[in-house]
Amino acid sequence: MPTLPSRRDGLLAILITASSAVWPASRPALRVGSKIDTEGALLGQLMLQVLKSGGVPTENRLQLGGTQILRQALVSGEIDLYPEYTGNGAFFFADARHPAWRDRQAGYERARALDLQRNRLVWLPPAPANNGWAIAVRQDLAQRHKLQTLDDLARWLAAGGQFKLAASAEFIERQDALPALQAAYGFKLRSEQLLSLAGGDTALTIKAAAEQISGVNGAMAYGTDGPLAALGLVMLADPRAVQPVYAPAPLARADALARWPQIDPLLAPVFRLLDNPTLQGLNAQIALEGRDAQQVAAVWLKSRGLLK
């Protein structure tokens, strides 16, 4: 991955200097949020535990809700920090047509510049993982009908293939998610071909496909989902690169970074190690083995020497 730009650019320095002048010496606890899904719990715990270990007083606001709830909470000042994905910048700024979102470095830089200028929010360096949305199908279905890509799925559907997808309402409705995939690959799922599940937890969508609940044989998935192979599902490739790069990254309010400047140096070593295989393995421990996200995070952080 190309070298990331300096995190001490002039505008950020001005914001932090201005903010530091007004915050009391007591410095209230850092309110750390996360999304409601499996990886949200994992990333939130990794951040929370490292920050607490590094001497930052924290308030646990993990698994607060979906993307829009977390975003609004951060912008309005109800929380100070949460793990987000760079590709969501295309959604936040109604900017999906810009080519930057399909490039890891360019997408990060664009999200960082737009949020800092408009919202005083700071994207810290992202992980090397890409947790983009995807569609997974049952392995037996994929083998029987030679389904490896979304082009293959479109071909099979056009020939009358019987398909039902379990997904979140967000994936079904957001223009950069299922609608974008359908437009690019030339297929359209009818309402009876969709099972909409509350929240964004792919553990539920994958389970629905694995167990064929309500006739489901496909699932909304993420690039870092761990249980797919173990539950007999395969992810369909996106050869047209429709989806943006969704690199996990801490997203913080500038005033929070002013109060606690050690946030960046504490979190950077953690996110630097989070590639796709690592996140797939950690997510599988939670979703497949039923282990608690707090425990999984603690064991991994200690094994990497990241907890004091």
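Criteria and thresholds
- Residues numbered from 1 in each chain as written.
- Predicted model: local features only at pLDDT ≥ 70, side-chain atom pairs only at ≥ 80, totals over all residues.
- Heavy atoms only, no water.
- 1 Å grid on protein atoms, 1.4 Å probe; cavity = no way out; pocket = protein on both sides within 12 Å on 5 of 7 lines; lining within 4 Å.
- Points joined across faces, edges and corners; volume = space filled by probe spheres on them.
- Helix = DSSP H or I, 4+ residues; strand = E, 2+ residues; numbered from the N terminus.
- Nonpolar A, V, L, I, M, F, W, Y, C, P; charged D, E, K, R; others polar.

A.B. asks: Describe the layout of surface pockets, and please don't skip the residues or the numbers.
C.D. replies: As a volume, the largest pocket reaches approximately 430 Å³. Taken together, 24 residues make up the lining of the largest pocket; nearest its centre are Gly66, Thr67, Trp133, Glu170 and Tyr222. Those elements that provide at least two residues to the lining of the largest pocket are helix H3 (67–76) and helix H8 (169–173). Taken together, the residues that form the lining of the largest pocket break down as 10 nonpolar, nine polar and five charged. Forming the walls of the second largest pocket are 14 residues, and the residues nearest its centre are Leu157, Gly161, Phe163, Arg190 and Gln193. Partitioning the lining of the second largest pocket into residue classes produces six nonpolar, five polar and three charged.

A.B. asks: With reference to specific residues and values, describe empty space enclosed by the protein.
C.D. replies: Per the counting criterion, the structure on display carries one cavity of 30 Å³ or more. Taken together, 14 residues make up the lining of the largest cavity; nearest its centre are Thr38, Glu39, Thr202, Asp225 and Asn283. Tallying contributions element by element places helix H10 (residues 202–210) first for the lining of the largest cavity, with three residues. By residue class, the composition of the lining of the largest cavity is five nonpolar, five polar and four charged.

In short, geometric facts, not functional conclusions.
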